[in-house]
Amino acid sequence: MRFLHTSDWHLGRSFHRVNLLAAQRTFLDHLVETVRTRDVDAVLVAGDVYDRAVPPLAAVELFDEALHRLAGLDVPTVMISGNHDSARRLGVGSGPMRRAGIHLHTDPAACDTPVLLKDAHGPVAFYGLPYLEPAMVRATLGAARADHAAVLGAAMDRVRADLATRPAGTRSVVLAHAFVTGGAPSGSERDITVGGVASVPATVFDGVDYAALGHLHGCQTLTERVRYSGSPLAYSFSEATHRKSSWLVDLDADGAVLAERVDCPVPRPLARIRGPLAQLLDDPELARHEDSWIEATLTDGSRPAEPMARLSKRFPHTLSLVFDPDEAPDRPSASYAQRLRGRSDQEIAEDFVAHVRSGRGADDAERAELRSALDEVRVTDLAAEVAP
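Residues numbered from 1 in each chain as written. Predicted model: local features only at pLDDT ≥ 70, side-chain atom pairs only at ≥ 80, totals over all residues. Heavy atoms only, no water.

Here is the rule: UniProt positions are given in the numbering used here, feature names are shortened, and annotations may be inferred rather than shown by experiment.
As recorded in an unreviewed UniProt entry, the protein chain goes by the name Nuclease SbcCD subunit D, listed as coming from Streptomyces lunalinharesii. A UniProt comment under Subunit (unreviewed entry) is attached to the protein chain, and it reads "Heterodimer of SbcC and SbcD." Per its UniProt entry, the protein chain bears the Sequence similarities (unreviewed entry) comment "Belongs to the SbcD family."

**A word on the packing of aromatic side chains**
Inclusion rule: For this analysis, a ring pair means two rings from Phe, Tyr or Trp (six-membered ring only for Trp) whose centres lie within 6.5 Å, classed as stacked if their planes differ by under 30 degrees, edge-to-face if by over 60, and tilted for the remaining angles. Runs of H or I in DSSP of at least four residues are treated as helices and runs of E of at least two as strands, each being numbered from the N terminus. Accessibility here uses a 1.4 Å probe with only protein chains present; expressed as a share of the type maximum, an area under 20% marks a residue as buried, one over 50% as exposed, and anything in between as partly exposed.
Taken as a whole, this structure holds six aromatic pairs when the rule is applied. Taking the centre distance of 6.0 Å and the plane angle of 70° together, the rings of Trp 9 and Phe 27 count as edge-to-face. Of this pair, Trp 9 sits in the loop between strand S1 (2-6) and strand S2 (14-15) while Phe 27 sits in helix H1 (residues 21-37), placing them 18 residues apart in sequence. On the basis of relative accessibility, which here comes to 3%, the residue Phe 27 falls in the buried class. Summarising the aromatic geometry, the rings of Phe 15 and Trp 293 are spaced 5.4 Å apart at their centres and angled 40° between planes, so their arrangement reads as tilted.

**Thoughts on the environment of Ala 168**
Tracing the chain through its elements places Ala 168 in the loop between helix H6 (148-164) and strand S9 (171-177). The class for Ala 168 is exposed, based on a relative accessible area of 83%. Between the C-alpha atom of Ala 168 and that of Gly 122, which follows or precedes it by 46 residues, the distance is 9.8 Å.

**Some points on the pairing of strand S4 (residues 42-46)**
The two faces of the sheet receive side chains in turn, since in a regular strand these alternate between them. How we decide: Pairing between strands is defined by DSSP: at least two bridges between the two strands are required. For crossovers, right-handed means that the path from the first strand over the helix to the second runs clockwise, given strands pointing away from the viewer.
Here S4 lies mainly inside the structure; five of its five residues are buried. Covered by surrounding structure in S4 are Ala 42, Leu 44 and Ala 46 together with Val 43 and Val 45, the residues of both alternating faces. Bridging between S1 and S4 involves four bridges; their strand directions are parallel. In the sheet register, Phe 3 faces S4, and the bridge partner there is Ala 42. Relative to strand S5 (residues 77-80), S4 runs parallel, the two sharing four bridges. Each bridged residue has a counterpart across the sheet, and for Leu 44 the counterpart in S5 is Val 78. Handedness of the crossover joining S4 and S5 through helix H2 (residues 57-72) is recorded here as right-handed.

**Describing the side chain of Asp 48**
The following threshold applies: Neither His nor the chain ends contribute to the count of charged residues, in which Lys and Arg are positive and Asp and Glu negative. Only one rule defines a salt bridge in this text: a Lys or Arg side-chain nitrogen within 4 Å of an Asp or Glu carboxyl oxygen. Polar contacts, as counted here, are pairs of nitrogen or oxygen atoms within 3.5 Å of one another; within protein the pair requires one atom able to donate a hydrogen and one able to accept it, and residues that are adjacent in sequence qualify only if both atoms are side-chain atoms. The contact criterion used throughout is that any non-hydrogen atoms of two residues lie within 4.5 Å.
When you line up the elements, Asp 48 lands in the loop between S4 and H2. Here Asp 48 occupies a buried position and makes no salt bridge, while the nearest side chain of opposite charge, Arg 13, is found at 6.9 Å. Of note is the side chain of Asp 48, whose polar atom sits 3.2 Å from the side chain of His 177. Those residues in contact with Asp 48 that lie beyond four places of it in its chain are Asp 8, Trp 9, His 10, Ile 80, Ser 81, Gly 82, Asn 83, His 84, Asp 85 and His 177.

**Concerning the sheet that holds strand S8 (residues 122-129)**
For clarity, the cut-off: Note on geometry: axes are lines fitted to C-alpha atoms, helical ones only across the stretch in contact, with angles between N-to-C directions running from 0 to 180 degrees.
Pairing within the open sheet is mixed, and its six strands lie in the order S7-S8-S9-S12-S14-S13. Each of the sheet's edge strands pairs with one partner strand only, and the pair in question is strand S7 (115-119) and strand S13 (220-223). Neighbour to neighbour, the strand axes of the sheet diverge by 20° on average, direction disregarded. Bridge analysis of S9 against strand S12 (residues 210-214) gives five bridges, and the strand direction is parallel.

**Quick notes on empty space enclosed by the protein**
Short version of the rule: As defined here, a cavity is a set of points on a 1 Å grid over the protein atoms alone where a 1.4 Å probe fits but cannot get out. A pocket is an open set with protein on both sides within 12 Å along at least five of seven lines, and residues line them when an atom is within 4 Å of a point. Grid points are joined across faces, edges and corners, and a volume is the space filled by probe spheres set on the points. Throughout, the ten residues Ala, Val, Leu, Ile, Met, Phe, Trp, Tyr, Cys and Pro are labelled nonpolar, Asp, Glu, Lys and Arg are labelled charged, and all others, Gly among them, are labelled polar.
All chains considered together, the criterion is met by one cavity of 30 Å³ or more. Roughly 70 Å³ of internal volume is contained in the largest cavity. Lining the largest cavity are Tyr 131, Leu 132, His 148, Val 151, Leu 152, His 177, Ala 178, Phe 179, Ala 198 and Val 200. Examining the composition of the lining of the largest cavity, we find that three residues originate from one element, H6, more than from any other. For the lining of the largest cavity, the residue count by class is eight nonpolar, two polar and no charged.

**Digging into the layout of surface pockets**
By volume, the second largest pocket amounts to about 390 Å³. Lining the second largest pocket are 20 residues, and of these Ala 87, Thr 106, Pro 108, Tyr 131 and Met 136 lie nearest its centre. Counting residues per element, the ones that place at least two in the lining of the second largest pocket are helix H3 (87-91), helix H5 (134-141) and helix H11 (364-386). Here the residues of the lining of the second largest pocket sort into ten nonpolar, six polar and four charged.

**Some details on H1**
Defined as follows: Helix span is expected to be 1.5 Å times the residue number reduced by one.
For H1, which comprises 17 residues, the first-to-last C-alpha distance of 24 Å matches the rise-based estimate of 24 Å (1.5 Å per residue) to within 8%. Within H1 the residues assigned to the buried category are Leu 21, Ala 23, Gln 24, Phe 27, Leu 28, His 30, Leu 31, Val 32, Thr 34 and Val 35. Among the structural elements, S1, strand S3 (18-19), S4, H2, strand S15 (245-251) and strand S16 (257-263) are those in contact with the buried residues of H1. One or two positions beyond H1, positive phi appears at Asp 39, with a value near 55°.

**Concerning the sheet that holds strand S19 (residues 318-323)**
Backbone-to-backbone hydrogen bonds pair the strands of a sheet. The strands run either parallel or antiparallel. Reading across the sheet, the three strands line up as S17-S18-S19 and stay open at both edges, with parallel pairing between neighbours. The outermost strands of the open sheet, each flanked by one partner alone, are strand S17 (270-275) and S19. Direction aside, the axes of adjacent strands within the sheet are offset by 15° on average. Relative to strand S18 (residues 293-298), S17 is paired through six bridges, and the arrangement is parallel. If you follow Arg 274 over to S18, its bridge partner there is Thr 297. Sitting on the sheet, helix H8 (residues 307-314) is in contact with S18 and S19, with an inclination near 135° to S19.

Written out as structure tokens, the structure reads:
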């Protein structure tokens, strides 16, 4: 059985105000061509089909067109909703779509109902675990706690129980949208921390032949059987060094995995450059970046005149300009944004408590209360986002 593992399309997303719809269309052209020329038996999309719960019409039309093209090749597609998707909206029409070979898994209660495909060696069961927001699915899955490890573990227990009822030799694939321990995040994934913890152990997927993961935007291998495909396009400058690709996976008669990376089209390379403005404008080593999308960090002690206009003459695709003078990071002149860069909401809240108490920070009980409040706000915001 050969399948193409993809995820995190984020249709409708822009990049520093640059519309990426054309680049996303090019990726989908590439995907369809890969399916056609590499004899792919199934396409997997491990969540975050769209970038937001209510996507723009152009993104919906692009998604619809892609599904029509895959169905026209008579290649089944299995996809799950991610934390950026509205599971209910994405799942509308899933019944009729199933008859065309498009299998949308958006209901956590149905995580143990697989799509069954066959090859010359017998059946392969594809289980779809949509993004599981702990507070919303704990009761549905009968999880012991409202955290990521508990709800994903409960879902996988259901998968293993169903798999045990299948004929001997049935191979298995799980699609999941989660942050698995050992994965390397980037700066463009939405935080899914609950109770101070975002990740789950890779061992939660023990018992299946392959886990096709989504959520983290870098293509990576956690184990031979547990992999992230990553996003097909870069969605932040933190992904400037990523090699964007999908996994072409062969599952043999015994469930052994052979995986090959298939590179995605690159609309324009990304580059992060840093230094005083005069150096960036004159350095011959930077000539290779003149056609790239640029994030420029200026280290001048004082802000130069018209920096963006001057940079754009040499680097016409400069999208982001950051000021970070070469001084101590705790300098009084550091901007509020600079002081907060890289800090979580929990850390910022705890810093505020220490500030208003003249240095006396939050104790364990207060930190737990802050975590609980932040979790409640995030879940409330999520519920409002996906409400009909």
